[in-house]
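A look at the structure
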Amino acid sequence: MQVRQTVESTASKKISQIIVKLLDTCSDETLGQLTLLAEKLTKREDVLTALRSIREMLRNPDHAIHRLFRRVTEYLPHDSKVRLFNTFFKNAWFSGWQKKMKVQEIYGFWPPFAMILSPTLNCNLRCKGCYTLGYGMRHELPYEIVDKVLKECEELGISIITILGGEPLVYPHLFRMLEEHPDITFQVYTNGTLVTRETARRFRELHTIVVISNEGYEAETDQWRGNGVYKKILKAFEYLTDERVIVGSSATVTSKNVEVVSSEEFVDRMIQLGSIIQMYFLYMPVNGRSDFLLLVTPEQRDLLRRKVAEFRRTKPLFFVDFWNDGPHVEGCIAAGKKYFHVNAKGDIEPCVYTHIATHNVRESTLAEALCSPLFKAIRERQPHNENHLRPCMIIDNPEIAREIIEETRPRFTHPGAEEIYTLRAAELDAYAQRYADFIDPIWEKEYLCANGAVRERMAGGRLEGRAGRRVAGKA
């Protein structure tokens, strides 16, 4: 067994070295060769299926994925490409699986793909509708705690960390964190107003992915974030792209801006600014000061779904639409199924929008929280609905969230966090029902086969042949 592992490890290193050499010669031919070589780094059928699917897309020079790959490989410096391959692809998708298998043997769960960390709630802005408003702005984790948490992630095989806030650039130990954990892929979300040429250079040196939040053009962004913010965001894009940092854009989608941020003009503008990633997050009424008028309507949510599907076929941009992408990940991904959140108080939350916890990193390990009754109760109920366009236990299946809270008795992690489960539960139930009535027929028509199985083309092959009820019980 040990001899075989040594041989496999040696072969893996040689293949990785060949891939690294090819990264700087990415012609149309070598793009396909990279996927063939990558197949030799894994035995996991789901990863192999994904690689074969990507290779088919790369064979067409006009395909959006082909154009995106060319954008990235031509844009990034060599050392950044090497770091991205080693930390994101190799550690997370290939050799990292071996570590995850050992964790599963020890703890009985498969480690999540990523962790979200909010080391500080301090922020230089006070954006309308921000999901963190209920926490206040005082909380901040000392670096010793952050370092402990990141080392635990490395031990568990979690190699992708997203940094939120507050504003991460306000956190005094941000760059120390990035520097001292080089085997982790860090993605930092920022409002962009504090990005300077110096910080952009540091992000470049540390090979960090930077995502800039904006809600559309100047009118929409400044209305949400404050006057003058949009102009500072444009400078941030300039500084980061001058340093050839991987940069993305993130939009909080509300009933007021959904038509703007889902427009072709907006997407083209983000590409023009240098964005490689486009993230969409629905406004969530979880901060204890809910404004249900900001929630997208069922029709608006479906508009975003259809537009993102169109853009994935036509635009050289990596799109993530966290709610409408439910069919691609079998519903909810919280509570350690794919990710979880550690907030600036140290509370280990199932999701950045699920403000409940039973464990805190100051007294507990991440493994203990991932094995907790709260996290297990959520994972055991996933997917929360067999209509994966209704993935969320907060706004799509709120009765499930209340059931889990009743069963596991977690604490709410800030004043007012209980609001949507108590005082405004009836409003949330009504909202979920309206969306269910609208989207269930679409799910049946567009996503299900005649026998009730999820269509392979929509689920990336992961649910092929899985039959089930056409739609779970209404919300």
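My aim in this report is to walk through the structure given alongside it, one point at a time. Note that this is a predicted model, so its numbers are computed, not measured.

1. Remarks on the overall build of the chain
Counting its regular elements, the chain contains 20 helices and 11 strands. Here the chain has a C-alpha radius of gyration of 22 Å; the compact-globule value for 475 residues is 23 Å, and the two agree. For the C-alpha atoms alone, the extent of the chain along its principal axes is close to 60 × 55 × 50 Å. Looking at the chain as a whole, 58% of its 475 residues qualify as buried. Contacts spanning at least 24 positions in sequence make up 71% of the contacts within the chain whose residues lie at least 6 apart. Total accessible area on the chain stands at roughly 20,100 Å², and carbon and sulfur atoms take up 54% of it.

2. Let's talk about the packing of aromatic side chains
Summed over all chains, the structure comprises 12 aromatic pairs. Geometrically, the ring pair formed by Tyr217 and Phe266 is edge-to-face, given 6.0 Å between the ring centres and 80° between the ring planes. One end of the pair, Tyr217, is in the loop between β4 (209–213) and α10 (218–225); the other, Phe266, is in helix α13 (residues 264–273), and 49 residues separate them in sequence. Using a relative accessible area of 0% as the deciding quantity, one classes Phe266 as buried. By the ring-pair criterion, three or more aromatic residues cluster together here, those being Tyr131, Trp323 and Tyr353. If you follow Arg301 out to its NZ or CZ, it ends over the ring of Tyr435, 3.9 Å from the centre.

3. Observations concerning the pairing of strand β1 (residues 114–117)
Of the two faces of β1, the one carrying Ala114 and Ile116 and the one carrying Met115 and Leu117 are both buried. Tracing the backbone out of β1, into helix α7 (residues 143–156) and back to the parallel element strand β2 (residues 160–163) gives a crossover that is right-handed. In this sheet, strand β8 (residues 341–342) lies alongside β1 in parallel orientation, the contact comprising 2 bridges. Each residue of the ladder has a partner; that of Ile116, found in β8, is His341.

Scoring rules and cut-offs
Residues numbered from 1 in each chain as written. Predicted model: local features only at pLDDT ≥ 70, side-chain atom pairs only at ≥ 80, totals over all residues. Heavy atoms only, no water. Helix = DSSP H or I, 4+ residues; strand = E, 2+ residues; numbered from the N terminus. Rg over C-alpha atoms; globule rule 2.2 N^0.38 Å. Buried < 20%, exposed > 50% of the residue type's maximum accessible area, 1.4 Å probe, protein only. Contact = heavy atoms within 4.5 Å. Areas by Shrake-Rupley, 256 points an atom, 1.4 Å probe, with all protein chains shown as cover. Phe/Tyr/Trp six-rings, centres within 6.5 Å; stacked < 30°, edge-to-face > 60°. Lys NZ or Arg CZ within 6 Å of the ring centre and 35° of its normal. Right-handed = clockwise from strand over helix to strand, strands pointing away. Pairing = 2+ DSSP bridges.

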